[in-house]
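Residue-level structural notes
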Amino acid sequence: MKFHLAALLGAMLLTSPLQAERLKFDHRLSPQLKAVFDSGDPGMIDFNDSNPRYVTDLIAIEGKSAKDWAEALLIVARSPDKKVRTVGEWVAELQGESQRRCASEFRSVAQDATSVTFERRSAGCASGYPPVALYRVIAGKQSLFLLGFLRKTEPTAQTRREWQAVLASATID
């Protein structure tokens, strides 16, 4: 009986939300992003968990709403699958998708054992596709995460520094 109870408790712990990996970052490093979080305006956030293996969160930093923005933060949590198992494979997928949408150039910003940070600049894109983006793709033990800043116009040098600081602060918990 004790074995069955221990096995049941072990199974409960493995499936507990407390055991799920989470992406953490310091949003205070971007005053505009902090202001959005502090405002608590639900219209500035578009959370989509319709596919539990690919959950997205778009947060409008500048603009009227998560549907009508000029600058946004994109957060994606995905489960590795046959097509994308690693950070490198996800970066390649993102870059391929961008090239299919419009002409895009990529610049590596930083890389370590578990993450890649890169910039995308695109031209001639359809309306709504941001021409400037800075992404960090991070591998957890069981999940992959993307944290990305998207902008429809050229960011200021200060905004770019803030983006880089927020991305650099990201960790998996």
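Above this text sits the structure in question.
Quick summary incoming for the structure in this document. (Residues numbered from 1 in each chain as written. Predicted model: local features only at pLDDT ≥ 70, side-chain atom pairs only at ≥ 80, totals over all residues. Heavy atoms only, no water.)

A few words on the packing of aromatic side chains. Summed over all chains, the structure comprises 4 aromatic pairs. Taken together, a centroid distance of 6.4 Å and an interplanar angle of 65° make the contact between tyrosine 54 and tryptophan 90 edge-to-face. Residue tyrosine 54 is found in strand E3 (residues 54-63), and its partner tryptophan 90 is found in helix H3 (residues 87-101); the two are separated by 36 residues along the sequence. Classification of tyrosine 54 by relative accessible area gives partly exposed; the value is 32%. Since its relative accessible area comes to 0%, tryptophan 90 is described here as buried. Chaining the aromatic ring pairs together yields one cluster made of Phe106, Phe118 and Tyr135. Across from the ring centre of tryptophan 90, 4.9 Å away, lies the NZ or CZ of arginine 78, which sits over that ring. Lysine 152 extends its terminal NZ or CZ atom over the ring of tryptophan 69, reaching a point 4.4 Å from the ring centre. (Phe/Tyr/Trp six-rings, centres within 6.5 Å; stacked < 30°, edge-to-face > 60°. Helix = DSSP H or I, 4+ residues; strand = E, 2+ residues; numbered from the N terminus. Buried < 20%, exposed > 50% of the residue type's maximum accessible area, 1.4 Å probe, protein only. Lys NZ or Arg CZ within 6 Å of the ring centre and 35° of its normal.)

We now examine the side chain of arginine 120. On the secondary structure map, arginine 120 appears in strand E6 (residues 115-123). Look at arginine 120: it is buried, it has no salt bridge, and the nearest opposite charge is glutamate 97 at 9.0 Å. Looking at arginine 120, its side chain comes within polar contact range of the main-chain oxygen of proline 130, at 2.8 Å. Ignoring anything within four residues of it in the chain, the contact list for arginine 120 reads Ser98, Ser104, Glu105, Phe106, Tyr129, Pro130, Pro131, Val132, Ala133, Tyr135 and Leu150. (Lys, Arg positive; Asp, Glu negative; His and termini not counted. Salt bridge = Lys/Arg side-chain N within 4 Å of Asp/Glu carboxyl O. Polar contact = N/O pair within 3.5 Å; in protein donor to acceptor, adjacent residues only side chain to side chain. Contact = heavy atoms within 4.5 Å.)

Let us look at a nonpolar patch on the surface. A surface patch of nonpolar side chains, about 270 Å² in accessible area, is lined by Phe37, Ile45 and Phe47. A residue is classified by how much of its surface remains accessible, and isoleucine 45, at 36% relative accessible area, is partly exposed. (Patch = residues over 30% accessible without salt bridge, like charges linked within 9 Å, V, L, I, M, F, W, Y side chains within 5 Å. Areas by Shrake-Rupley, 256 points an atom, 1.4 Å probe, with all protein chains shown as cover.)

This part takes up the pattern of salt bridges. Applying the stated criterion to the full structure yields 17 salt bridges. One salt bridge connects lysine 34 with aspartate 38, and the closest N-O pair in it is separated by 2.5 Å. Taken together, the residues span about one helical turn, with lysine 34 and aspartate 38 both in helix H2 (residues 31-39) at a distance of 4 residues. Accessibility expressed as a relative area gives 31% for lysine 34, which makes it partly exposed.

A few words now on the sheet that holds strand E7 (residues 132-139). If you trace the 7 strands from one edge of the open sheet to the other, you get E2-E3-E4-E8-E7-E6-E5, paired in antiparallel fashion. In this open sheet, the two strands that pair with only one neighbour each are strand E2 (45-48) and strand E5 (103-111). Each adjacent strand pair in this sheet contributes to an overall mean axis angle of 15°, direction not counted. Strand direction decides the pairing type here: E3 and strand E4 (residues 69-78), joined by 9 bridges, are antiparallel. Pairing of valine 55 across the sheet is with alanine 77, part of E4. Docked against the sheet, H3 engages E3, E4, E5, E6, E7 and strand E8 (144-151), running at close to 5° with respect to E6. (Pairing = 2+ DSSP bridges. Axes fitted to C-alpha atoms, helices over the stretch in contact; angles between N-to-C directions.)

All right, on to the pairing of E2 then. In this sheet, E3 lies alongside E2 in antiparallel orientation, the contact comprising 4 bridges. Each bridged residue has a counterpart across the sheet, and for isoleucine 45 the counterpart in E3 is isoleucine 59. The turn linking E2 back onto E3 is made up of 5 residues.

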